Amino acid sequence: MIHVTAKAERIKMAHDRMDRMNRVKAWRLRRGPKDEPADDDAASAGKPPVEAVSVPVPPPPPDDRGRTLRLAGWLAAVTLAGVVAAGTIWASGSPTEAGLREEAGLVGKHELLIGVKDDSPGVSWWNPETGRYEGFDIDIAYMVAAELGFSPRQVRFLAIETEDRGKMQAMDREGGFVTVDLVVATYSVTAERTGEVYMSEPYLQTEQTVVTRSDHEKVSSLGDLAGEKVCTLAESTSADQLKQAGAADVGKKNRISECVDGVLAGEYHAVTTDAAILAGFVAKHSNELRAHDVGLAAAERWGIATGRNRALRTLVNLALYRSYADPEDRRWEKAFDDYLAPLQQAEGMARIQQVAVAEQPSIDEPDVRRWPWERDVS
């Protein structure tokens, strides 16, 4: 029994030893030969350690954090390049409407000052009964002001005389001169004027006419006024034409109403200026005045002056373009129908001469950058 027991004990020890060796080999196969501890049993028996089998080990998987950082860096570089490119295009591209408003000095501005005529019935005059300015020019001024971001309550009209339009100097109720933002005052666009102030594209086309007392013989050309006294506005396009026609005495006034009063009083034989300006007086004094078509081919095109504010001129042109291009915008047409169309039917003007073209002059779209969500009327 003792031998059997001892044998069984040796067999058990041998199995235990074999089991340990197998576990060591398995561990070596998993970890590789580097920094492997020596086989304790082999070392204690004076035998060389069991040689580890060299098994190729696949490379470790990439570090996800490193990969994420590299991807983020790449995206940042691409984004930066895009921003630089966009910034270059932005800086060299067309101005935006918001940028023009800031450049024009409209940001934070609570009142828009507009110089207008106060003595031209149907076009622009101060109605003492209503205590308000009325007329075609007034409605056009309101239309443009609205596009610039100003409500009717934020618009302040000031009377301006003809010679002061280029100076942008109007007069307040106390008699003091005030620099206005816009001039909407029957101001014809000419090369000479555009060299002095910035002027918008035309918003009305009319032509020159002559008005006399109703008993005056027919006038077919300015040459028929040779030797007569004729009144016109100072700094107007009509003055030079009268001189070339040989008028004996050319009176120049700052207010067209003074010329008309002079004709009614017999001080002048005739008054000449744009038909749209004089039609209101002919309608008012239909029994005393008559108009004459003098057959001048040159058209008179009224524009809006913005002084030396170029950005504001672009914004005004944008407002006029929107009115012209948007078929649903009828503000220009309503102003014409309310004020100028009735003058065409007035006695002394009907069937004689066209007061003005009943269509807003065409205008090209200003070069203003627009985001996709902004209004597009083209």
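Preceding this section is the structure that the text describes.
These figures come from a predicted structure and were not determined experimentally.

Draft legend 1. Examining the pairing of strand 8 (residues 182-188) more closely. Among the seven residues of strand 8, seven are classified as buried, and the element is accordingly described as predominantly covered. Note: strand 1 (residues 112-116) against strand 8, two bridges, orientation parallel. Its bridge partner lying in strand 8, Gly115 is registered against Val183.

Draft legend 2. View of the layout of surface pockets. As a volume, the second largest pocket reaches approximately 300 Å³. Together, 15 residues line the second largest pocket, and Trp126, Tyr133, Phe157, Leu158 and Arg173 are the ones closest to its centre. For the lining of the second largest pocket, the elements supplying multiple residues, two or more each, are strand 4 (132-134) and strand 5 (155-159). In terms of residue count, the dominant contributor to the lining of the second largest pocket is strand 5 (five residues). Of the residues belonging to the lining of the second largest pocket, the class tally is nine nonpolar, one polar and five charged.

Draft legend 3. Highlighting helix 10 (residues 310-325). Here helix 10 spans 22 Å end to end across 16 residues, near enough to the 22 Å set by a 1.5 Å rise per residue. On its buried side, helix 10 packs onto helix 4 (97-103), helix 5 (136-147), strand 8, strand 14 (299-305) and helix 11 (331-344). Two to three positions downstream of the cap, the backbone nitrogen of Ala311 sits 3.5 Å from a side-chain oxygen, assigning the N-cap of helix 10 to Asn309.

Draft legend 4. Highlighting the nonpolar core. Judged by nonpolar contacts, the single largest core of 60 residues is most densely connected at Ile114, Phe136, Val144, Leu148, Leu182, Tyr203 and Leu204. Residues Ala170, Ala185, Tyr187 and Ala305 belong to the second largest nonpolar core, which totals 13 residues.

Draft legend 5. Representation of empty space enclosed by the protein within the structure. For the structure on display, the rule yields three cavities of 30 Å³ or more. In this structure, the largest cavity encloses a volume near 80 Å³. If you trace the largest cavity, you find 13 residues lining it, with Thr186, Ser188, Ser236, Thr273 and Asp274 closest to the centre. The set of elements that each furnish at least two residues to the lining of the largest cavity consists of strand 8, helix 7 (237-245) and strand 12 (270-274). Among the residues making up the lining of the largest cavity, the classes are represented as two nonpolar, six polar and five charged.

Draft legend 6. Broad picture of the environment of Ala297. Within the fold, Ala297 resides in the loop between strand 13 (289-292) and strand 14. Classification of Ala297 as exposed rests on a relative accessible area of 82%. Spatially, the C-alpha atom of Ala297 lies 8.0 Å from that of Glu207, the residues being 90 residues apart in sequence.

Draft legend 7. Representation of helix 5 in the model. The end-to-end C-alpha separation of helix 5 is 17 Å, in line with the 16 Å expected for 12 residues at 1.5 Å each. Extensive coverage of helix 5 is indicated by the burial of nine of its 12 residues. Where helix 5 is concerned, the buried positions are Phe136, Asp137, Ile138, Ile140, Ala141, Met143, Val144, Ala145 and Glu147. Just downstream of helix 5 lies Gly149, where phi reads positive at about 100 degrees.

Reading the values: rules and limits
- For every chain, the first residue of its written sequence is number 1, and the numbers climb from 1 along that sequence.
- Since the coordinates come from a predicted model, pLDDT governs what is reported: local features require at least 70, and pairs of side-chain atoms require 80 or more to be given and counted, while whole-chain, interface and lining totals use all residues.
- Neither water nor hydrogens contribute to the side-chain values; these are computed over all heavy atoms in the structure.
- With a 1.4 Å probe rolled over the protein chains alone, any residue whose accessible area is under 20% of its type maximum counts as buried; one over 50% counts as exposed, and the rest are partly exposed.
- The helix count covers DSSP runs of H or I at least four residues long, the strand count covers runs of E at least two residues long, and both are numbered beginning at the N terminus.
- Two strands form a pair only when DSSP identifies at least two bridges running between them.
- Points on a 1 Å grid, built from protein atoms alone, make a cavity when a 1.4 Å probe fits but cannot get out and make a pocket when they are open with protein on both sides within 12 Å along at least 5 of 7 lines; residues with an atom within 4 Å of a point are the lining residues.
- Grid points are joined across faces, edges and corners, and a volume is the space filled by probe spheres set on the points.
- All residues other than Ala, Val, Leu, Ile, Met, Phe, Trp, Tyr, Cys, Pro, Asp, Glu, Lys and Arg, Gly among them, are scored as polar; the first ten of these are nonpolar and the last four charged.
- Helices are assigned an expected span. That span is 1.5 Å times one less than the residue count.
- Residues are treated as being in contact if the distance between any of their heavy atoms lies within 4.5 Å.
- As used in this structure description, the phrase polar contact means that two N or O atoms lie within 3.5 Å; if the pair is within protein, one of them must be able to donate a hydrogen and the other to accept it, and residues adjacent in sequence are counted only when both atoms belong to side chains.
- Here the nonpolar core consists of buried residues drawn from Ala, Val, Leu, Ile, Met, Phe, Trp, Tyr and Cys, with membership extended through side-chain atoms lying within 4.5 Å.

Note that all results are geometric; they support no functional claim without further evidence.
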